[in-house]
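# Architecture at a glance
Listed below are the residues making up each chain.
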2 protein chains.
Amino acid sequence: MTFRYNNVYINEVSTVTGPYEAKGPLSKYFDKSYDDLYFGMNTWEQAESKLIEESVDILLTKIKRTKFDIDLLISGDLLNQIVASNYASSSLGMPYFGIYSACATSVEGLIIGANMIEAKQIKNCICSTSSHNNAAEKQFRYPTEYGGPKPKTATFTSTGGASAYLDSKKAGVRIESATVGITTDIGFKDVYHMGAAMAPAAASTIYRHLRDTKREPGYYDLIITGDLGVIGKEILKEYIKTEYGVKLKNYDDAACMIYDLKKQPVYSGASGPACAPLVTYSYILKKMKNGELDRVLLVATGALMSQTTVNTKLSIPSIAHAISLEAIE
Amino acid sequence: MTFRYNNVYINEVSTVTGPYEAKGPLSKYFDKSYDDLYFGMNTWEQAESKLIEESVDILLTKIKRTKFDIDLLISGDLLNQIVASNYASSSLGMPYFGIYSACATSVEGLIIGANMIEAKQIKNCICSTSSHNNAAEKQFRYPTEYGGPKPKTATFTSTGGASAYLDSKKAGVRIESATVGITTDIGFKDVYHMGAAMAPAAASTIYRHLRDTKREPGYYDLIITGDLGVIGKEILKEYIKTEYGVKLKNYDDAACMIYDLKKQPVYSGASGPACAPLVTYSYILKKMKNGELDRVLLVATGALMSQTTVNTKLSIPSIAHAISLEAIE
């Protein structure tokens, strides 16, 4: 399912991060970064919720609007029952849709919002997402105090909240088209190698996007997936060539961009729903606005398992949603 | 945020339930019911996923379509990371959006789907949801073997999968309008009294729906909430009168309809995302099709906490989404 848009723009964005992201190469592009992981809250879950709330507050300040001007908030995150988004929505007080596509959540939100704006069903919306390293480690893996070693294929959940303000006013970057993901499951079960589990989903969505829009990979100045990681990125390139005959060009992965992979102990790179939008809303959008990039395909990838399905030995289904962004002349 | 629709219909629906629902008063209206809670699967989570998959299969058979004819699947459930929906989506192979509004998930899905059909962005979609008593008990409460007593205000998570096929073809019932919920939190913390936590969200959404559409409660032949339960239902009536000056008429609650409250040990009634659609798609739609009901406002209510937020003593935010259904002349 590929949608085309004529009148939808990401007018403005906001990003709030934790300390690891602030030590990475994109540091200067974020609106705000914290030195610790609690942000003055009592629990990591509340801290994650604050990331969303604060990113929306910063966004509202940037666009000089109040919550009463916003038609819809669309948000989701990795926490059980997406509570980071739910509790933020409670403070923010806007009509709210909760969504979940794991680390592909940001783009699912952009697609739902873009469709409603294109159809003039809403005037505007805010699409948010978050992830929090310690909240995710606690929920999906071992207690962090355990200090268990991880393989090189593992990724490091990014800490951040990212929000985008969508409107039909020509400003920021244009949302040109989007392709909804189809859940893919190749029977892969290693939760320390999410990139391998998600690469087939990314391949499927990129292939269907190019097919539906009749485009070659080179049409885009950048195809950016998030978050496959160093190894998953190579798997995608190989897999999409073998499976679909597509040779990726101008391709990169957000998981490989937000941290300094040589200096920071992040294994194969970043992960978490915040990863793709943190990189895109800060660094990539800046490049689009200053003329370095014209056409960007953002392909957010998500692994759709839970701790329970992993413990009961099920394989990891994955999904990827894609959105095509264009610089405004 | 209230949407109006001119060309969206719930053409067909399907319902699959567990044994408790099959012993209730609406038994004969369900498409299929199981005698046990495993449905031939190994775990309760897989069993819940099967409820969605099977309800979609039944729906496809009823409408004489295959998965390749469906533009979009929108689904969500109570399980961590909505895995019942995710794993079903993997088997079903349709473009997929995962959503989460706890027990209000069914109506969130109908609204997203209805907006896209109204705007002709998709031709059709399937909106699904599920809940499973044992999967929910295991995740949110104590092991069922523990047999802990519960207060009368508690509800009993319904077991079922429900799916609706939406299209612009005039058949079934019409979706006339919808109101998106705003998350409400009155500081209430008792997870054994969800009806009290959710009643203010239902009141807010019903009030805003009536205000936006300039209607009186009597406009509807039935306003049906789900799932407030016996006590929550009375709280809503009182709360909406006191807080918004609205006197509910022709009002009932799905939680009070699916079980025999005198004979079945379900405390204050049913709950779970399946509750509202199981009642609406079976019994209510039948009444609309045979002329007993013309206008129905379905108000699905959801409590947006997680086990973690309850354990860390946070209050319970809630949301309600409303959709107006009309019989076709």
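Note that the structure is predicted; figures quoted are calculated from it, not measured. (Residues numbered from 1 in each chain as written. Chains lettered and ligands numbered in written order. Predicted model: local features only at pLDDT ≥ 70, side-chain atom pairs only at ≥ 80, totals over all residues. Heavy atoms only, no water.)

What chain A contains, in helices and strands, is nine helices and 14 strands. Relative to the 2.2 N^0.38 estimate, which gives 20 Å for 329 residues, the radius of gyration of chain A is 18 Å and therefore close to what a compact globule would have. C-alpha extents for chain A along the principal axes are approximately 50 × 50 × 35 Å. The 329 residues of chain A split such that 67% are buried. Of the roughly 11300 Å² of accessible surface on chain A, 49% is carried by carbon and sulfur atoms. Each charge sign in chain A was given a centre, from 35 positive and 35 negative side chains, and these centres are 4 Å apart. (Helix = DSSP H or I, 4+ residues; strand = E, 2+ residues; numbered from the N terminus. Rg over C-alpha atoms; globule rule 2.2 N^0.38 Å. Buried < 20%, exposed > 50% of the residue type's maximum accessible area, 1.4 Å probe, protein only. Areas by Shrake-Rupley, 256 points an atom, 1.4 Å probe, with all protein chains shown as cover. Lys, Arg positive; Asp, Glu negative; His and termini not counted. Charge placed at Lys NZ, Arg CZ, Asp CG, Glu CD.)

Here we take up the interface of chain A and chain B. Contact with chain A, which involves 56 residues of that partner, is made by 57 residues of chain B. At the junction of chain A and chain B, the tally comes to zero salt bridges. Linking chain A with chain B are 18 residue pairs in polar contact (both at pLDDT 80 or more). When residues in the side of chain A that touches chain B are grouped by element, the largest group, six residues, is from helix α4 (residues 105-118) of chain A. (Contact = heavy atoms within 4.5 Å. Salt bridge = Lys/Arg side-chain N within 4 Å of Asp/Glu carboxyl O. Polar contact = N/O pair within 3.5 Å; in protein donor to acceptor, adjacent residues only side chain to side chain.)

Superposition record for chain A on chain B: RMSD 0.0 Å, screw rotation 180°, translation along axis 0.0 Å. Here the symmetry operator amounts to a two-fold rotation axis. Distance from the rotation axis, computed per C-alpha, reaches its smallest value in chain A at Ile-99 of chain A: 2.0 Å. (Least-squares fit on C-alpha atoms with pLDDT ≥ 70 in both.)

Attention shifts here to the pairing of strand β14 (residues 318-327) of chain B. In regular strands, side chains alternate between the two faces of the sheet. Residue and element names in this part refer to chain B. Most of β14 sits inside the fold, with 10 of its 10 residues counted as buried. With six bridges connecting them, strand β9 (residues 173-179) and β14 associate as antiparallel partners. Opposite Thr-179, over in β14, you have Ala-322 as the bridge partner. The sheet contact formed by strand β13 (residues 295-303) and β14 spans nine bridges and is antiparallel. Bridging from a neighbouring strand, Leu-298 pairs with Ile-323 of β14. (Pairing = 2+ DSSP bridges.)

The next point concerns the state of the cysteines. By the definition in use, this model includes zero disulfides over all chains. Cys-275 of chain A provides the cysteine sulfur closest to Cys-256 of chain A, a residue in no disulfide bond, and the two sulfurs are 8.5 Å apart. Judged by its relative accessible area of 17%, Cys-256 of chain A is buried. Sulfur of Cys-103 of chain B: no disulfide; nearest cysteine sulfur belongs to Cys-275 of chain B and is 7.8 Å away. (Disulfide = S-S within 2.5 Å.)

Our focus in this paragraph is the domain arrangement of chain A. All names here are of chain A. Each assigned domain of chain A is listed with its residue range as follows: domain 1 (2-167) and domain 2 (173-327). Computed over C-alpha atoms only, the centres of domain 1 and domain 2 are separated by 18 Å. Contacts between domain 1 and domain 2 engage 57 residues on the former and 54 residues on the latter. With both chains or domains summed, domain 1 and domain 2 bury close to 4800 Å², and 66% of this area falls on carbon and sulfur atoms. Broken down residue by residue, the surface that domain 1 buries against domain 2 is led by Thr-2, Ile-10 and Cys-103, which jointly contribute 13%. (Domains from an automatic or database assignment. Buried area = accessible area lost by both parts, 1.4 Å probe.)

Residue and element names in this part refer to chain A. In a regular helix each residue adds 1.5 Å, so 14 residues correspond to 20 Å; α4 covers 20 Å between its end C-alpha atoms and thus fits that length. Across the 14 residues of α4, 14 count as buried, placing the element largely inside the fold. A positive phi of about 60° marks Lys-120, the residue just after α4. (Expected span 1.5 Å × (residues − 1).)

As a further point, take the pattern of salt bridges. Residue and element names in this part refer to chain A. Enumeration according to the criterion identifies 28 salt bridges over all chains in this entry. The residue Asp-252 makes a salt bridge to Lys-233 at a minimum N-O spacing of 3.0 Å. Here Asp-252 is found in strand β11 (residues 251-253), whereas its partner Lys-233 is found in helix α7 (residues 229-244), with 19 residues between them in sequence. Judged by its relative accessible area of 23%, Asp-252 falls in the partly exposed class. Through salt bridges that share partners, Arg-4, Glu-176 and Arg-215 make up one connected network.

This paragraph deals with the packing of aromatic side chains. This model, assessed by the stated rule, comprises 14 aromatic pairs over all chains. By the ring-pair criterion, three or more aromatic residues cluster together here, those being Tyr-20, Phe-156 and Tyr-259 of chain A. Here the guanidinium or amino end of Lys-23 of chain A rests over the ring plane of Tyr-20 of chain A, the centre of that ring lying 6.0 Å away. One cation-aromatic arrangement involves Arg-295 of chain B over Tyr-219 of chain B; the distance from NZ or CZ to the ring centre is 3.8 Å. (Phe/Tyr/Trp six-rings, centres within 6.5 Å; stacked < 30°, edge-to-face > 60°. Lys NZ or Arg CZ within 6 Å of the ring centre and 35° of its normal.)

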